[in-house]
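Given next are the chains, with one letter for each unit.
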Amino acid sequence: MALVSLPPLGSRHEVVASHLVAALVLVGSVTSAYFGAAVASPLRNALLSSDLDGVRDQLLLFAVLTCFVGALVAVLVRARFPGDRRRVCALWGPIGALVAVGLLTVVLGGLLVVLQPVSQGLQTPLQAAAAAVFLWVPLASFATFLLGLSWALIDRGASASSLTSLVVLAAGTAAPGAAAIALVSLSI
């Protein structure tokens with residue numbers, strides 16, 4: 001049983017729709033992963049200044065950019081047309097997104113590791129938490145998209161469009177981002 005009952009589309013319309021969804025997946029994944037990672041700097045600053053409203057706002061932004069958009073992109077990649085079980089998303093979109101987010105992970109993640117200040121034992125617990133946030137929040141954002149896109153591409157099950165399967169995919173995709181939010185919340 002399909003999640004959403006779409007009216008039957010012609011073959012040409014299905015091809016156009018699948019390429020539009022692929023473009024949306026590619027652009028949405030790369031921009032959301034990047035801006036989700038960019039939340040790390042204002043979040044670190046809010047932690048250091050003990051601005052709880054700022055921390056809450058940045059965590060909410062991170063949740064929307066990483067957890068929600070990551071889960072949505074994964075569901076779009078896995079969704080299938082009801083009649084012929086073809087993917088709603090053309091494969092070039094998620095594959096391109098995987099390559100782009102993977103490159104972002106290597107370049108920006110490498111830079112963050114290199115630029116991470118070496119602890120000299122003089123940090124307060126709050127400063128140590130802020131330094132960890134600056135390193136791990138971007139990596140959690142990238143991991144969310146890499147996990148969701150990979151999982152959605154690999155799954156070829158017959159129940160790929162069932163509601164339960166899509167909910168499990170969305171929850172699993174959002175897990176790295178949710179874990180980062182929980183860890184930041186516990187460090188306050």
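What you see as residue numbers is a count from 1 along each chain, following the sequence as written. At least 70 in pLDDT is required for a residue's local features to be given in this predicted model, at least 80 for side-chain atom pairs to be given and counted, and no such filter applies to totals for whole chains, interfaces and linings, which use all residues. With hydrogens and water stripped out, all remaining heavy atoms of the structure feed into the side-chain values.

**Regarding a nonpolar patch on the surface**
On the surface, Val106, Val107, Leu111, Val114 and Leu115 cluster together into a nonpolar patch covering about 520 Å² of accessible area. By the secondary structure assignment, Leu115 is in helix H4 (residues 92-115). Any residue with relative accessible area above 30% and no salt bridge may belong to a patch, with like charges joined within 9 Å and the nonpolar Val, Leu, Ile, Met, Phe, Trp and Tyr side chains within 5 Å. For accessible areas, the Shrake-Rupley method is used with a probe of radius 1.4 Å. Any residue's cover is judged against the shown protein chains and nothing else. What counts as a salt bridge is simple: a side-chain nitrogen of Lys or Arg found within 4 Å of a carboxyl oxygen of Asp or Glu. Helix and strand definitions here come from DSSP, where helices need a minimum of 4 consecutive H or I residues and strands a minimum of 2 consecutive E residues; each element is numbered from the N-terminal end.

**Comments concerning the environment of Ala140**
Its place among the elements puts Ala140 in helix H5 (residues 125-154). The class of Ala140 is buried, set by a relative accessible area of 11%. Between the alpha carbons of Ala140 and Ala175 there is a distance of 9.1 Å; along the sequence they are 35 residues apart. Contact between two residues is taken to exist if any of their heavy atoms lie within 4.5 Å; hydrogens are not considered. Ignoring any residue separated from it by four or fewer positions in sequence, one finds Ala140 in contact with Phe62, Thr66, Pro176, Gly177 and Ala180. Categorising residues by exposure relies on relative accessible area from a 1.4 Å probe, with only protein chains included: less than 20% of the type maximum marks a residue as buried, more than 50% marks it as exposed, and the intermediate range marks it as partly exposed.

**Considerations on the environment of Glu14**
Mapped onto the elements of the fold, Glu14 is located in helix H1 (residues 11-38). C-alpha separation for the pair Glu14 and Val88, spaced 74 residues apart in sequence, amounts to 7.6 Å. A distance of 2.4 Å separates a polar atom in the side chain of Glu14 from a polar atom in the side chain of Arg86. Two N or O atoms form a polar contact when they lie within 3.5 Å of each other; inside protein one atom must be a possible hydrogen donor and the other a possible acceptor, and for residues adjacent in sequence the pair counts only when both atoms belong to side chains.

**A word on unusual backbone geometry**
At Ser50, a position not held by glycine, the phi torsion is positive, near 55 degrees. Mapping Ser50 onto the fold places it in the loop between helix H2 (40-48) and helix H3 (52-78). Residue Ser50 is classed as exposed on the basis of its relative accessible area of 53%.

**Overview of the nonpolar core**
In plain words, nonpolar cores are sets of buried Ala, Val, Leu, Ile, Met, Phe, Trp, Tyr and Cys residues tied together by side-chain atoms within 4.5 Å. Counting residues in hydrophobic clusters, the biggest one holds 27 residues, and the most contacted among them are Val25, Val73, Val77, Cys89, Phe142 and Leu149. At the level of elements, H1, H3, H4, H5 and helix H6 (163-187) are the ones that each hand at least two residues to this core. By residue number, the principal contributor to this core is H3, which donates six residues. For Phe142, the contacting residues outside a window of four places in its chain are Ala33, Ala37, Val101, Leu104, Thr105 and Leu108. One finds Ala46, Leu112, Ala130 and Leu135 within the second-largest nonpolar core, a separate group that totals 21 residues.

**A short note on H5**
In this model H5 runs 41 Å from its N-terminal to its C-terminal C-alpha over 30 residues, within 8% of the 44 Å that 1.5 Å per residue would give. The largest bend in H5 is about 30 degrees, located at Val133. An expected span of 1.5 Å times one less than the residue number is assigned to each helix. In this analysis the local bend is the angle between axes fitted, respectively, to the seven residues ending at and the seven residues starting at the residue.

**As for the packing of aromatic side chains**
Classification of ring pairs uses Phe, Tyr and Trp, with its six-membered ring standing for Trp, and accepts pairs whose centres are within 6.5 Å; under 30 degrees between planes counts as stacked, over 60 as edge-to-face, and the remaining range as tilted. Tallied over the entire structure, the rule returns one aromatic pair. When the ring of Tyr34 is compared with that of Phe35, the centres are 5.2 Å apart and the planes differ by 75 degrees; the resulting orientation is edge-to-face. The exposure class assigned to Tyr34 is partly exposed, which follows from its relative accessible area of 39%. Directly above the aromatic system of Phe134 lies the positively charged group of Arg44, at a separation of 4.2 Å from the ring centroid. The criterion is that NZ of a Lys, or CZ of an Arg, lies within 6 Å of the ring centre and within 35 degrees of the ring normal, and then a charge sits over that ring.

**Observations concerning the packing of H4 against H5**
In contact at an axis separation of 10 Å, H4 and H5 are set at 160 degrees when each is read in the N-to-C sense. One way to sum up the angle between H4 and H5 is to call them roughly antiparallel. Our pair here, H4 against H5, has a crossing hand that is left-handed. Between H4, through Pro94, Ile95, Ala97, Leu98, Val101, Gly102, Leu104, Thr105, Leu108, Gly109, Leu112 and Val113, and H5, the contact on the second element is made entirely by Phe134, Leu135, Pro138, Leu139, Phe142, Phe145, Leu146, Leu149, Ser150 and Leu153. For this classification, Asp, Glu, Lys and Arg are treated as charged, while Ala, Val, Leu, Ile, Met, Phe, Trp, Tyr, Cys and Pro are nonpolar and the rest, including Gly, are polar. Within the contact of H4 with H5, the residues separate by chemical class into 18 nonpolar, four polar and no charged. Helix axes are fitted to C-alpha atoms over the stretch in contact, other axes to C-alpha atoms as well, and angles between N-to-C directions run from 0 to 180 degrees. Note on angle classes: values under 35 degrees are labelled roughly parallel, values over 145 roughly antiparallel, values of 65 to 115 roughly perpendicular, and the remainder oblique. Crossing handedness is defined as follows: a turn of the near helix away from the far one that is anticlockwise and smaller than a right angle gives a left-handed crossing, while the clockwise case is right-handed.

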